[in-house]
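# Tertiary structure, described
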Amino acid sequence: MATTSRSAKPLVELEGATVRFCGDSGDGMQLAGTQLTTTSALVGNDVATFPDFPAEIRAPRGTKAGVSGFQIHFSSHDIYTPGDAVDALVAMNPAALVTNLGDLKPGGILLVNRDAFDKKGLEQAGYTTDPLTDGSLNEYSMHAVEMTKLTRTAVEGLGLSVKESDRCRNFFAMGLVFWLYDRPLDPTLRYIDEKFGRRPEMAEANRLALKAGNHYGETIEAINSHYHVPPAKLPPGTYRNIKGNTALAYGLITAARLSNKRLFLGAYPITPASDILHELTKYKHFDVLTFQAEDEIAAATATIGAAFGGEMAVTATSGPGIALKGEAMGLAVMTELPMIIVDVQRGGPSTGLPTKTEQADLLQAMFGRNGECPMPVLAARSPADCFDVAQEAWRIAVRYMTPVILMTDGYIANGSEPWRVPDLSELTPVEVKHPEGTSNGDHFQPYARDKRLARPWAVPGTEGLAHRIGGLEKQDVTGNVSYDPLNHQHMVETRAAKVAGVADDIPLQELDGPDRGDLVVVSWGGPYGACATAVHRAQQRGQAVSHCHLRYLNPFPRNLPEILGRFKHVLIAELNLGQLRKLIRAEYLIDAIGLNKVQGKPFSVAEVDAKIDEILSQGSTD
Amino acid sequence: MSTDTSLPVLTPADFASDQDVRWCPGCGDYSILAQMKKVLAGIGATREKTVFISGIGCSSRFPYYMNTYGVHSIHGRAPAVATGLKSVRPDLSVWVITGDGDALSIGGNHLIHAIRRNLDINIVLFNNRIYGLTKGQYSPTSPLGKVTNSTPMGAIDNPLHPLSIAIGCEGTFVARSIDTNIKHLGYVLGRAAEHRGTAFVEVYQNCNVFNDGAWDYAKARETKADTTIELEHGKPLIFGKNRNKGIRLNGMEPEVVELGKGVKEDDLLFHDEKSSEPSLAYLLSRMRHPEFPEPIGVFRAVERPRYDELINLQVEEAREKKGEGQLEKLFLAGETWSVS
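Residues numbered from 1 in each chain as written. Chains lettered and ligands numbered in written order. Predicted model: local features only at pLDDT ≥ 70, side-chain atom pairs only at ≥ 80, totals over all residues.

## Let's talk about the overall build of chain B
Each helix and strand in chain B was counted, giving 11 helices and 12 strands. Per-residue burial for chain B yields a buried fraction of 46% across its 340 residues. Pairs at least 24 residues apart make up 66% of the contacts formed inside chain B by residues separated by at least 6 positions. (Helix = DSSP H or I, 4+ residues; strand = E, 2+ residues; numbered from the N terminus. Buried ≥ 20, exposed ≤ 12 C-beta atoms within 10 Å, placed from the backbone. Contact = placed C-beta atoms within 7 Å.)

Put into structure tokens, the structure is as follows:
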């Protein structure tokens, strides 16, 4: 694609760039980031994003607690992470600067809103001197721009209040960044039309602010060049940008369609899973029923009711919600009904870090219930992957008549990436069987099993199949309540064998890299991107490293121990204190090394990279 | 050619499952089970379209004894299970069987939300004022001072009154009956089955092992005419062995008056189960022994939109407005680009 510069200044071509907008939670930084993402995707870049915001909706203005950020990495080649260090940082106030500066590369571009650096602002951020003038920012390419003043001037004459004028500041910042990275304004102009159509004066103000920021870049002498990132070479197809929670919702709708079922979601509002509820409730015309329950427990038990009713039933929550659903999940295991339980993990324990990411629910997903209570556990690795994993979870649930846990995390749920829109012919139907009715009076056996040990999914309303299920132990085959010791042992073992048997239906584990070597990096969930990138780098350096990313956490793929055994070292990178490592050790007696982090943030590539180097350099001195 | 299109009519016995009923001999639950089977047979219910959902407790074993579909779920959660089922399957007749501990203690939250949503389900609360299955602890309906295994010095928490709660949630059908008053119980369960919306029925049920005689005042042949009052729509509230006593409103307060002596029937409170405001029903639910006769019968029976109907109606409306959902359209919503 030929590019024409929209500017008279020199245009420098880059492979990619990482930009972060940060400001008060009311400054519209999420919007700025989203617009830059959409625009970058539309010009053909690969993109990965990382929104990072506080749990408070509006923390006190100008404070560090209220800083909200949105990071986007756009590139002309495949990328898997939102980037480690930032090439350009936009800081709307001193608090945003002080909390984000550490991530800006030396020599990086720093755009600050000069007007926010007043005495109060500096004090709130803990500055004793003004960093814009005290020389402390000399190592950066810093531009202090009077964004507030320039925005007000730009929208003058529209009759807006000062407060309304200042609300356009994020569009000014966007305009400037768009100029800096040679991005077209059209998608954002279209967005403004759509979003502010009912308030023409606000629409016009935002347009003017956007253009003012853009012109500012072109005009101001201090900024003497700008950058172009050519399109990435993605596989052919139609693409759109998609967030993890959206992709998950689409995956659920698709799975329902593919199995010819209505979709029922039982949910209770909880960060960061609520968007799944918001998203699904928009699609009632796909025969989607959403039930906002009185609590997490009701959300889960209503889901059991809907599953008993013969439909595709899902409940979505985060870690604290899973804790509350534990009892219902036990009932789902006991009644052997198919359903999906989504856990969008966040920092814990307890309320923990609601808006931050973590992977510390794995053992809860595996074992957080009374009794021997196994369930298949799957994890999505990226925003777009949520679409596929949702369908896979449902396929396993109905094939084995079992609840399935689908894990994502805050990072995947809110992050976004380009998604190649599938052709409908690429989607695999999900086969669901219900026993047919009978009037011949034969006694129905609700716990008779097929070769996968799945019991029949007999749906109320079907003649001759009336039966009772419940939480008390059941006699195998008949489903009658049974306290018989040997039957209980048999049933516990049968439920375990059924879930273990899922391994027969899932693909063998694949490796990214050679099938043997010095080190294999094992990951699950969100760290996929950082690990894949770090391993690729190590491979380019000539290190004998491969990447093993797990989608299936229970059961593990059959060949996993064999694969891991072919490497001298096994490194497991996860955002907890070593939960997968515990499972791998317990299961296979493999003494894996852990790379663990619990800071509410995803891994950076550099962190994984450094750990790989550390292990391999120790290895060479053995 | 003639075809017999009449449906086979089921008898009460057809609704019995093949499982042995394991309640204690003499338990009030037996009578409720028997009446339920009769009522179902009477209204022409089918086994396959009827579902019993329960929580935990003695009463919650009920579904196992019915040859219908059933879920014996977890403690307190039956209304929520029923909500999920009824939402996706409005065609089914869904009954929730619960007890005073199950419904009002651990499941209080689900109960009030089910009632306020007005799903078309029937909730039957077996109130024995005790925890039976866990062997005799006080329940949320046990009276103050009640000595039990967990309250050796007497209960110190004020009891809940199931019907006051149901009416507080603006329940559309609220009724009470007594396990041994089988004719009345059958009538009330039948009315509940007929009602479209959440039908909430409290049944005074005797636990002869852990709380024997808790309702004797309302059940004993010699006292019941004076300690209970049968509600009839449009009729004055009259009670007593000689039908010579009535309830009159004195301002906002009910009072017991004797008929004659200047008090006419027309001076009495007339029952109106269809009153759109729940105030009268609430007032009746507050009438407690021994100050007042306790009302039995239908306190309230009004119509209001039902959750299960509305949730499915929204799907229909969305379809009419947006057309049947198309995956291609969904996937391609918003900004897209092509890579060749």
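## Let's talk about the overall build of chain A
Along its length, chain A carries 20 helices and 22 strands. Over its C-alpha atoms chain A spans a radius of gyration of 27 Å, differing by no more than 12% from the 25 Å that the globule rule assigns to 622 residues. If you line up chain A on its principal axes, its C-alpha atoms span 85 × 65 × 50 Å. Considering chain A as a whole, with its 622 residues, one finds that 55% of them fall into the buried category. (Rg over C-alpha atoms; globule rule 2.2 N^0.38 Å.)

## Observations regarding the domain arrangement of chain B
Residues and elements named next belong to chain B. Once the domains are mapped, chain B shows domain 1 (12-235 + 271-315) and domain 2 (239-270). Relative to domain 2, the C-alpha centre of domain 1 lies at a distance of 29 Å. Facing 11 residues of domain 1, the contacting portion of domain 2 comprises 6 residues. Of the residues belonging to the side of domain 1 that touches domain 2, the class tally is 6 nonpolar, 2 polar and 3 charged. (Domains from an automatic or database assignment. Nonpolar A, V, L, I, M, F, W, Y, C, P; charged D, E, K, R; others polar.)

## Examining the domain arrangement of chain A
All names here are of chain A. Each assigned domain of chain A is listed here: domain 1 (11-228), domain 2 (241-426) and domain 3 (517-620). Each of domain 1 and domain 3 was reduced to a C-alpha centroid, and the two centroids are 36 Å apart. Counting residues at the interface gives 5 residues for domain 1, matched by 9 residues for domain 3. A class-by-class count of the residues in the side of domain 1 that touches domain 3 yields 3 nonpolar, 1 polar and 1 charged.

## A short note on the interface of chain A and chain B
Listed by partner, the interface residues are 58 residues for chain A and 51 residues for chain B. Mapped by element, the contributors of at least two residues to the side of chain A that touches chain B are helix H1 (29-42), strand S9 (237-243), helix H9 (244-258), strand S10 (263-267), strand S11 (288-292), helix H11 (296-308), helix H12 (319-335) and strand S17 (468-470) of chain A. Per element, the largest residue contribution to the side of chain A that touches chain B is 9 residues, and it comes from H11 of chain A. Of the residues contributing to the side of chain A that touches chain B, the split by class is 30 nonpolar, 17 polar and 11 charged.

## Structural notes on H11 of chain A
Helix length check: H11 of chain A (13 residues) gives 19 Å between terminal C-alpha atoms against 18 Å at 1.5 Å per residue, within 8%. With 13 of 13 residues buried, H11 of chain A lies mostly within the body of the structure. (Expected span 1.5 Å × (residues − 1).)

## So, the sheet that holds strand S3 (residues 46-52) of chain A
All names here are of chain A. Across the sheet, which stays open at both edges, the 6 strands sit in the order S3-S4-S2-S5-S6-S7 with mixed pairing between neighbours. Each of the sheet's edge strands pairs with one partner strand only, and the pair in question is S3 and strand S7 (141-145). Averaged over all pairs of adjacent strands, the angle between strand axes in this sheet comes to 15 degrees, irrespective of strand direction. Bridge analysis of S3 against strand S4 (residues 67-75) gives 7 bridges, and the strand direction is antiparallel. Considered in S4, the bridge of Asp-52 is made with Gly-69. With respect to the sheet, helix H6 (residues 169-180) is in contact with strand S2 (16-24), strand S5 (86-91), strand S6 (104-113) and S7, its orientation differing from that of S5 by roughly 160 degrees. (Pairing = 2+ DSSP bridges. Axes fitted to C-alpha atoms, helices over the stretch in contact; angles between N-to-C directions.)

## Here we look at the sheet that holds strand S9 (residues 245-250) of chain B
Across a sheet, paired strands are connected by hydrogen bonds in the backbone, their directions being either parallel or antiparallel. Residue and element names in this part refer to chain B. Within the open sheet, the 3 strands sit side by side as S8-S9-S10. Their pairing is antiparallel. Both outer strands of the open sheet, strand S8 (238-239) and strand S10 (253-258), are each paired with one neighbouring strand and no more. Taken together, the 2 bridges between S8 and S9 define a ladder with antiparallel strand orientation. Counted as the bridge partner of Ile-238 is Gly-246 from S9.

## Observations concerning the pairing of S11 of chain A
Moving residue by residue along a regular strand, the side chains alternate between the two faces of the sheet. All names here are of chain A. Burial analysis of S11 places 4 of its 5 residues in the buried class, the great majority of the element. Alignment of S10 against S11, held across 5 bridges, turns out to be parallel. Its bridge partner being in S11, Ala-267 is matched across the sheet by Gln-292. Chirality of the crossover, the property in question, places the unit of S10, helix H10 (residues 274-281) and S11 among those that are right-handed. (Right-handed = clockwise from strand over helix to strand, strands pointing away.)

## Things to note about the packing of helix H2 (residues 78-88) of chain B against helix H4 (residues 108-117) of chain B
Residue and element names in this part refer to chain B. Two numbers describe how H2 lies on H4: the axes approach to 7 Å, and their chain directions differ by 40 degrees. Looking at the two axes, H2 sits oblique to H4. Contacts between H2 and H4 involve Pro-79, Ala-80, Ala-82 and Thr-83 from the former and His-110, Leu-111 and Ala-114 from the latter. For the contact of H2 with H4, the residue count by class is 5 nonpolar, 2 polar and no charged. (Parallel < 35°, antiparallel > 145°, perpendicular 65-115°, else oblique.)

## Topic: the nonpolar core
Core analysis: the largest hydrophobic core is formed by 259 residues, its most contacted members being Val-177, Val-314 and Val-521 of chain A together with Val-201 of chain B. Broken down by element, this core gets its largest block of residues, 10 residues, from helix H14 (residues 385-400) of chain A. When sequence neighbours within four positions are dropped, the list of residues in contact with Val-201 of chain B reads Ile-123, Val-124, Leu-125, Ala-175, Ser-177, Val-188, Leu-189 and Ala-192 of chain B. Among the nonpolar cores identified, the runner-up in size contains 6 residues, and Cys-27, Ile-130, Tyr-138 and Cys-207 of chain B belong to it. (Core = buried A, V, L, I, M, F, W, Y, C linked by C-beta atoms within 7 Å.)

## Looking at the confidence of the model for chain B
Any residue range with low pLDDT should be treated as having predicted coordinates unsuitable for detailed reading. Averaged over all residues, the pLDDT of chain B equals 96, while 98% of them reach at least 70. Complex prediction metrics read pTM 0.94 and ipTM 0.97. (pLDDT = per-residue confidence, 0-100.)

## Digging into the packing of H11 of chain A against H12 of chain A
Two numbers describe a pair of packed helices, the interaxial angle and the distance between the axes. Residue and element names in this part refer to chain A. The contact between H11 and H12 brings their axes to 8 Å, and the two run at 20 degrees. By the criterion of interaxial angle, the relationship of H11 to H12 is roughly parallel. For the pair H11 and H12, the sense of crossing is right-handed. Across the interface between the two elements, Glu-296, Ile-297, Ala-300, Thr-301 and Ile-304 of H11 pack against Gly-321, Leu-324, Lys-325, Ala-328, Met-329, Leu-331, Ala-332 and Thr-335 of H12. Split into classes, the residues belonging to the contact of H11 with H12 amount to 8 nonpolar, 3 polar and 2 charged. (Left-handed = near helix turned anticlockwise from the far one by under 90°.)

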